[in-house]
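# Structural description and commentary
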Amino acid sequence: MISNGLRPLAAMAGWFASGAALANQYNLQEPQSIIAREIYDLHTLIMWIILGIFIVVFGAMTWSIVKHRKSVGHKAEQFHENTLVEVVWTIIPFFILIGMAYPATRTVIAMKDTSNPDITIKATGYQWKWSYDYLQEGISFYSALATPREQIEGKAPKGEHYLVEVDNPVVVPVGKKVRIITTANDVIHSWWVPALGIKQDAIPGFVRDTWFKADRPGTYRGQCAELCGKDHGFMPIVVEAVAPEQYAAWVAGQKKQMAAAAVDPAKQWTLDELKAHGAKIYAGNCVACHQQTGMGVPKVFPALSGSKIVNGPKDAQLQLVLNGKPGTAMAPFKHLSDADVAAVVTYTRNNWANKVGDMVAPAEVKALRK
Amino acid sequence: MQAAHAHTGHGHDAHAPHYTGMMRWITTTNHKDIGTLYLVFALSMFFVGGLLALMLRAELFQPGLQFWSPEFFNQLTTMHGLIMVFGAIMPAFVGFANWQIPMMIGAPDMAFARMNNWSFWLLPPAATLLVASFFVPGGATAAGWTIYAPLSTQMGPGMDLAIFALHIMGASSIMGSINIVTTILNMRAPGMTMMKMPLFVWTWLITAYLLIAVMPVLAGAVTMLLTDRHFGTHFFNAAGGGDPVLFQHIFWFFGHPEVYIMILPGFGIVSQIVPTFSRKPLFGYSSMVYATASIAILSFIVWAHHMFTVGMPASAQLFFMYATMLIAIPTGVKVFNWIATMWRGSMTFETPMLFACGFIFVFSMGGFTGLVLAITPVDIQLQDTYYVVAHFHYVLVAGSLFAIFGGTYYWLPKWIGRMYDETLGKWHFWLSMIFFNVTFFPMHFTGLAGLPRRVPDYNLQFADFNMISTIGAFGFGIAQLIFVYVLVKAIRGAGEKVGERVWDGAHGLEWTLPSPPPHHTFETPPVVK
């Protein structure tokens, strides 16, 4: 925390800054967690120091430009070199830096302390959405951008939460320490919620962690903060902090939903059921590149309609979907369930110009995973 | 001393270029010609990179996707960065090195004149590869100029072309740097001790060492990327036992000294201009030398401040925070020295001095935001946001680019023997200064408020500032046409002829030579007292 002497100054600065913030247009977002608050205050402190240095240094420079010019008749003195002055203006900045480094050090250490969390959530970055696994509660879901395409294309007016709204937000209880574990499925992403003061890179094949504790109920929005491909700007994060009772109710509701949606692995699918389910999976996972029309983007993302692979042997296509194609943007999709993979492959083989006529059973997908 | 007769450049065998026309430029081993080649190349690449910037800013004029697909937008941002860094800024500074270093130290040419030619001529093919990458299947690489793995392993053949181009440009830089170090250490005129060299020469000596140290590291990083892409290695792939973060470490070990490579010669140029137009010696010559050397040495131990969010331990975050903050000290010392040089001088504000003062003022603002970013907890909020974009454009545009403009106006009359149009020069300065700030100042706010970088679209709360930035960008771009006009007008001979000491406060060996200097100068070294 800012030392006592500076607190009134920082508070004044904070008031001034928030007054001028105009819905956070000029400053960091309103802090909603202890760490966010510490970061906000640190930034305010540094801004005051910088402002002070700026005024002194550029005041001197401006004075000189005005007064020490040939056009007002000033004659040039020829002094140069002064060791004492050089030493003084090296030492003073050094002490100013120490003044900044001390509170910063405490915040760095505090940000790293992820011990004893109340709940732990794993956030996995995908191209281009997030999935969340609540490790103790045993619930999981995907969270993708909910802004309709028409808004992005300018065919409909943009909503207030344009590009920062999702279908399934991360719900957390207020006042409880939430540990976020990050990883990724394909490339590096980064999980960032500014109001909570939290940003952690999500690195494929590795786990990292960080934590936050939301002070107040509210909806906190963030975005992916590491370039991850074409839809990097279209995979936001929404955290809803609610009272603990509400959180418990939400968890219970999620569990019920998951049970209802869970597909019986022994279910015998019909072709139509697979195609219908597959259409949904396609819309949620494949359409970004291969497009609604199945025609892809010429020279960039291959067309599925009329594709040799899609019209060829099932196994080859399934392998591609499960394992991706290294060296291209086709990521592995083995995280989808057997039924989901079976459905989407069946859908592609029987849609658009493709009329292969066969279907894939979930068991076939399971067999290929070995 | 130097033979004082004026030259017309032809007729007198020992002094004229050996060929005329295209062949002259292709085969030249003359440091003045090669300097010109670098500068013309840099100017062309500046406009290519600038066009890409205007294209991406056009998309960002309003929320929504109007012009480009998101994948093409990422190609624009990536190539804007690569072309500006490797095609515009770095070659421009090498152009100044070539023109000025031999004249400033009383040497007849660079140490390795033929290798100098090769160093330049590698660049146009490299630039062609880079621009051609837009036209291969998949387009140019869209992984950001930082080309992090594993995103860059996913990219199409455009990435391979960029890797090849980077290798070639790296080779050019390394050869050029070897040349510069050897020339400066071995070919100074008698009496010119190291501590009597002009500061521009010092900054280039130090920059050349940095280049030799880190360009091979970039080569390593992009080669590992190439083999991961095509030859079955797994350096950056966890499934094979590798680590994506390794790429970041290697890249930034190059990348951080790289940004100092792009500013130190600028410091040198400003250190030549300010004393001249203050009519007063540089305040603390030895401090400036030590400060430059300190910055260079410190630049090797701060790289992970670009990586504060990857998940390194707190001890590492703290080390890199402290080391990064330390760089503020020698940088501050330099700013204070420039102001002390101006203090109680007798200043006039011709265009070079405008750019130098503008540099000090606006580069320092970039330095302040760099200090903000050095503080790890604050950086964690600001990393990958527009605040970072603002910071580096302040130091690279208002820093490096303004120094390049200042140096051009300062030395152009020497190079061509005629004064440029001072009124137009001033227009160029003021329009650049104003539109630069209109473009980039609002980015501090959007970054703080939460706008990530490298996105083609954004929430409505960021719309106003983005519109302002786009308008500023177009204004800045148009202002650069004035610069081209000034150059063309001056080179075509419109201005008045100038004598040896173009600026009355200028000191140094280059100001003892005729303007324009003969094709070969200081064939007999001058004696420096």
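These lines cover the structure that appears in this document, whether it is placed above or below. (Residues numbered from 1 in each chain as written. Chains lettered and ligands numbered in written order. Predicted model: local features only at pLDDT ≥ 70, side-chain atom pairs only at ≥ 80, totals over all residues. Heavy atoms only, no water.)

What follows deals with the overall build of chain B. Counting secondary structure elements, chain B contains 17 helices and 0 strands. Computed over C-alpha atoms, the radius of gyration of chain B comes to 23 Å, within 12% of the 24 Å expected from 2.2 N^0.38 for 529 residues, which places it in the range of a compact globule. For the C-alpha atoms alone, the extent of chain B along its principal axes is close to 70 × 50 × 45 Å. Taking the intrachain contacts of chain B between residues at least 6 apart in sequence as the baseline, contacts between residues at least 24 apart amount to 82%. Carbon and sulfur atoms make up 71% of the accessible area of chain B, which totals about 16800 Å². The distance from the centre of the 21 positive side-chain charges to the centre of the 21 negative ones in chain B is 12 Å. (Helix = DSSP H or I, 4+ residues; strand = E, 2+ residues; numbered from the N terminus. Rg over C-alpha atoms; globule rule 2.2 N^0.38 Å. Contact = heavy atoms within 4.5 Å. Areas by Shrake-Rupley, 256 points an atom, 1.4 Å probe, with all protein chains shown as cover. Lys, Arg positive; Asp, Glu negative; His and termini not counted. Charge placed at Lys NZ, Arg CZ, Asp CG, Glu CD.)

Residues and elements named next belong to chain A. Among the 6 residues in strand S2 (residues 129-134), 6 count as buried, and that is most of the element. Going residue by residue along S2, you find Lys129, Ser131 and Asp133 tucked away on one face and Trp130, Tyr132 and Tyr134 tucked away on the opposite face as well. Two elements, strand S1 (residues 119-126) and S2, share 6 bridges in a ladder whose sense is antiparallel. Its bridge partner being in S2, Thr124 is matched across the sheet by Ser131. (Buried < 20%, exposed > 50% of the residue type's maximum accessible area, 1.4 Å probe, protein only. Pairing = 2+ DSSP bridges.)

Here we take up the sheet that holds strand S8 (residues 208-212) of chain A. Within a beta sheet, neighbouring strands are joined by backbone hydrogen bonds and run either parallel or antiparallel to one another. Residues and elements named next belong to chain A. What the 5 strands build is an open sheet, ordered S3-S2-S1-S5-S8; its pairing is mixed. The sheet is open, and its two borders are formed by strand S3 (139-143) and S8, each paired with just one other strand. For this sheet the average axis-to-axis angle between neighbouring strands, irrespective of direction, equals 25°. Across 5 bridges, the pairing between strand S5 (residues 178-184) and S8 is antiparallel. Looking at the pairing, Ile181 lines up with Asp209 of S8. Packed onto the sheet, helix H5 (residues 244-261) meets S1, S2 and S3 and runs at close to 85° relative to S3. (Axes fitted to C-alpha atoms, helices over the stretch in contact; angles between N-to-C directions.)

Turning our eyes to something else, we now look at the interface of chain A and chain B. Opposite the 94 residues of chain A that make contact, chain B presents 97 residues. The contact between chain A and chain B buries some 8100 Å² in all, and 67% of this surface belongs to carbon and sulfur atoms. Three residues stand out in chain A for area buried against chain B, namely Trp89, Lys199 and Leu227 of chain A, and they jointly supply 8% of the buried area on that side. Summed over the shared surface of chain A and chain B, the number is 1 salt bridge. Across the pair Arg344 of chain B and Glu77 of chain A runs a salt bridge, and its minimum N-O distance is 3.8 Å. If you look at where chain A meets chain B, you find 30 residue pairs in polar contact (both at pLDDT 80 or more). Elements with a minimum of two residues in the side of chain A that touches chain B: helix H2 (34-67), helix H3 (83-112), helix H4 (149-152) and strand S7 (198-202) of chain A. (Buried area = accessible area lost by both parts, 1.4 Å probe. Salt bridge = Lys/Arg side-chain N within 4 Å of Asp/Glu carboxyl O. Polar contact = N/O pair within 3.5 Å; in protein donor to acceptor, adjacent residues only side chain to side chain.)

Here the focus is the sheet that holds strand S10 (residues 237-242) of chain A. All names here are of chain A. Judged by pairing direction, the sheet is mixed, and its 3 strands sit side by side in the order S4-S10-S9 without closing on themselves. Looking at the sheet topology across the chains shown, the edges are occupied by strand S4 (170-173) and strand S9 (218-222). Recorded for the sheet is a direction-independent mean angle of 25° between the axes of neighbouring strands. Relative to S10, S4 runs parallel, the two being bridged by 4 bridges. Looking across to S10, one finds that Val171 is bridged to Glu240. Contacts from H5 reach S4 and S10 within the one sheet, and its direction differs from that of S4 by about 140°.

Moving on to unusual backbone geometry. Residue Gln127 of chain A is joined to Trp128 of chain A through a cis peptide bond whose omega torsion reads 10°. Its location among the elements puts Trp128 of chain A in the loop between S1 and S2. That bond from Ser515 of chain B to Pro516 of chain B is cis: its omega, -5°, falls within 30 degrees of zero. Located in the positive-phi region is Glu81 of chain A, a residue other than glycine, with phi close to 65°. Overall, Glu81 of chain A belongs to the partly exposed group, its relative accessible area being 36%. We note that Asn116 of chain A has phi near 50°; this positive angle belongs to a residue other than glycine. Its location among the elements puts Asn116 of chain A in the loop between H3 and S1.

Another aspect to go through is the packing of aromatic side chains. Inspection of every chain in the model, using the stated rule, returns 72 aromatic pairs over all chains. An angle of 70° between the planes, with centres 4.9 Å apart, marks the rings of Tyr409 of chain B and Tyr420 of chain B as edge-to-face. With a gap of 11 residues between them, Tyr409 of chain B in helix H15 (residues 386-416) and Tyr420 of chain B in the loop between H15 and helix H16 (422-449) connect regions that are remote in the sequence. A relative accessible area of 4% means that Tyr420 of chain B is categorised as buried. The positively charged end of Lys158 of chain A is found above the aromatic ring belonging to Tyr162 of chain A, 5.2 Å away from the centroid. Of note, Lys199 of chain A hangs over the ring of Trp192 of chain A, and the distance from its end group to the ring centre comes to 4.3 Å. (Phe/Tyr/Trp six-rings, centres within 6.5 Å; stacked < 30°, edge-to-face > 60°. Lys NZ or Arg CZ within 6 Å of the ring centre and 35° of its normal.)

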